[in-house]
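Spelled out from the first residue to the last, the chains are:
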Amino acid sequence: MTDESTLIQPPQEVLDQANVQDWKALLERADADPVAFWEGEAAELEWSHPWDKVLDDSGAPFYKWFTGARTNIVSNAIDRHLTTARRNKLALIWVGEDTSKVRTFSYFSLNREVEQMANILLSMGVQKGDVVTIYLPRIPEIYFAMLAAAKIGAVHSVVFAGYSSEALNARIDDSESKVVITVDGSWINGSVFPMKKIVDDAVRFSPTVENVIVVRNTGSEVSMDPTRDHWYHELARLPIAQGHCETVQVDAEDPLFILYTSGSTGKPKAAVHVHGGYQVHLSSTMKNCLDIHEADRWWCTADPGWITGTSYVIYAPLIRGATAFMAEGSPVYPYPDVWWQLVEHYGINGMFTAPTAIRTLMRFGDAWVTKHDISTLRILVSAGEPLNPEAWRWFHDVVGQGRCSVIDNWWQTETGAMQVTSLPTMPKKPGSAGRPIPGQAVAVLDEQGNEVPAGSDGFLVLKNPWPSMLRTLFKEPQRYVETYWSKYPGVYLTGDSARIDEDGYVWIIGRTDDVIKVSGHRIGTAEVEAAVTSHPAVAECAAIGLPHEVKGNAIHVLVVLNTGYQGSNELAAEIRQHVSQTLSPIAKPDVIEFVDKLPKTRSGKIMRRVLRARALGQDEGDLSTLEND
Ligand code: WT7
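Scope of this entry: the structure provided in the associated data block. These numbers were taken from a predicted model, which means no experiment stands behind them. (Residues numbered from 1 in each chain as written. Predicted model: local features only at pLDDT ≥ 70, side-chain atom pairs only at ≥ 80, totals over all residues. Heavy atoms only, no water.)

With respect to helix 10 (residues 275–289)
So, step 1. Here helix 10 contains 15 residues, and its C-alpha end-to-end distance of 21 Å stays within 8% of the 21 Å for a straight helix at 1.5 Å per residue.
So, step 2. Along helix 10, 15 of the 15 residues are buried, which leaves the element largely enclosed by surrounding structure. (Helix = DSSP H or I, 4+ residues; strand = E, 2+ residues; numbered from the N terminus. Expected span 1.5 Å × (residues − 1). Buried < 20%, exposed > 50% of the residue type's maximum accessible area, 1.4 Å probe, protein only.)

Next comes the structure, spelled out in structure tokens:
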């Protein structure tokens, strides 16, 4: 057991090697003047024109960073390495689900691939500011596509490769993409997931899509519309794809990407991130908080369709000139030691994964890990949901063999990069996400906006603006202000409940809004409910998250059927399948429960709080607003 007072000292090996030896001094320096701290971090990167101002808060909460500066994240992720000896070092090692398939790219050859993709996008008329939708699995082309879009000043919108055609269609239409980049299919546990087919269904009625670029990946049969679809390998042979492609210098505040994420309402919202501040924040956290440098091989197992992947799979390792490692497959296929086999074979130094993966692997037992020599590991990182003390210890003792730094870190799609973590040399508290990163300050507030005493629960807020912050919600500036900046003036509302203990460590409790974290994925109850009610048998329903040992939360849906339908196991299975197909397999409900009615307020709002309390056998709380029979 671990309680909140447990402090675990970092292993000697970590202390010996850490880049930041005196973490207290760093935090003190950054706290004393966050803006000066960020300016110093920015000075390590390349800018084609310097900034006039580091932070412009005159239009708050529409903050701006490094105003007047010109740059491009690709100048820092690739171009600047090409004039040094890093040109010939490995930028990317990729291993397929069939681990005998390996592709490697030096910085030099990665640049060639990105130039080729960028030339093709330009030939299709993609212009600065246009949104390019990327629907690709974890294959090298997802690097090429994202970096190519960024290189020419376009905006990427990566949609997670597990989303259904409906979800993809909604994101393509909302972003008005003219180009979609996809594959024939992706490998999932030995079978092919038909991604091109999903794109076909998604773009059939899309008014904006003119071109679909299809990477050949599985070699499976797909239908190609000659007026719209192009094989990437055929485009790559054309003269238009050849030759140098200039990295367009953009304004530091120009958008780099949008990433859709679930919120409290059915319509997913897209966080807008920009070139300038985002690259600074990634560079800084990778160096100070994760201690990953040029000589390291870095494996973040996340998918670039989620923010962890965009930030710490694609951009952060390249900005630091490290070698990124990417694996196409899952942690348990074909065997639950495939990850450790890869760590052993490729000599991975730093690994970043999610609690759900750690708990899944833990259940298979230690022997799968200990039979491999994974002694190259130095940094072990977890994010996405709380890393419970038991999983923390397993990660630390069994995977890290007591020699590694286990680094939990808290942040969000909206924050772009980490906000709360523990630096390698900082003593750890298993189960806590750590302390605010250098330059950030957090607080826990009560309903009225007062800071609660140490150890009490409340709403977690971020007190300082930060360089990688979302600039707005795509096309919804008002929703940006309302969601994040309206409950309390001047501070960013995270949507999480948390407490801060007497030592200043942050303990995340969970979401305070209608968002469920399932295996680290953020799923809106409204999205699940919309998918469930689109089934003809369903009259209405309510989705809630209940604790689950491996996934953190499981989705339970209470369903009221239309007259003429009877609840049965078959119907429950059918509804679960329906959600999997119309929304995504990651949102598939674990349990469908048929009920006669749902508890509602007199104004007709479903009281999920009451449902959750009932399911957990807890006190139902204040029922005064509950509608009478
Ligand atoms: C939500 C954001 C880490 C970025 C990827 C997820 C939860 C995230 C932790 C953590 C406890 C965590 C929060 C947050 N969360 N990291 N280390 N400990 N909870 O980004 O999908 O936008 O989800 O994930 O609830 O608000 P996201």
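Still more to cover.
Things to note about the site of the ligand
So, step 1. Taken together, 17 residues form the shell around the ligand, and within it Asp 408, Asn 409, Thr 413, Arg 511 and Arg 522 come nearest.
So, step 2. Take Asp 496: an N or O atom from its side chain is 2.8 Å from an oxygen atom of the ligand.
So, step 3. Here an oxygen atom of the ligand sits 2.9 Å away from a polar atom, N or O, in the side chain of Lys 517.
So, step 4. Computed on the free molecule, the ligand has an accessible area of 550 Å², of which 96% lies beneath the protein chains in the complex.
So, step 5. Where the shell around the ligand is concerned, the elements lending two or more residues are helix 11 (307–319), strand 20 (405–410) and strand 26 (506–511).
So, step 6. If you tally residues by element for the shell around the ligand, the top one is strand 20, at 3 residues.
So, step 7. When its residues are assigned to classes, the shell around the ligand shows 6 nonpolar, 5 polar and 6 charged. (Near = heavy atom within 4 Å. Polar contact = N/O pair within 3.5 Å; in protein donor to acceptor, adjacent residues only side chain to side chain. Areas by Shrake-Rupley, 256 points an atom, 1.4 Å probe, with all protein chains shown as cover. Nonpolar A, V, L, I, M, F, W, Y, C, P; charged D, E, K, R; others polar.)

Side note on the pattern of salt bridges
Side-chain pairing between opposite charges can occur once the charged atoms of the two side chains come close.
So, step 1. In this structure the tally under the stated criterion is 36 salt bridges.
So, step 2. Where Glu 414 meets Arg 522, a salt bridge forms, and the shortest distance between an N and an O atom there is 2.7 Å. Of this pair, Glu 414 sits in the loop between strand 20 and strand 21 (420–421) while Arg 522 sits in strand 28 (residues 521–524), placing them 108 residues apart in sequence. Comparing Glu 414 with Arg 522 shows no difference in burial state: the two are buried.
So, step 3. Look at the salt bridges and you will find they share partners, linking Glu 41, Glu 44, Lys 287 and Arg 320 into a network. (Salt bridge = Lys/Arg side-chain N within 4 Å of Asp/Glu carboxyl O.)

Notes on the environment of Gly 402
So, step 1. Among the secondary structure elements, Gly 402 is positioned in the loop between helix 15 (389–399) and strand 20.
So, step 2. Its relative accessible area of 32% is what places Gly 402 among the partly exposed residues.
So, step 3. Gly 402 sits 390 residues away from Gln 12 along the chain, and the two C-alpha atoms are 9.7 Å apart.
So, step 4. Among residues more than four places away in sequence, those in contact with Gly 402 are Pro 11, His 396 and Asp 397. (Contact = heavy atoms within 4.5 Å.)

Shape is all these values report; function is a separate question.
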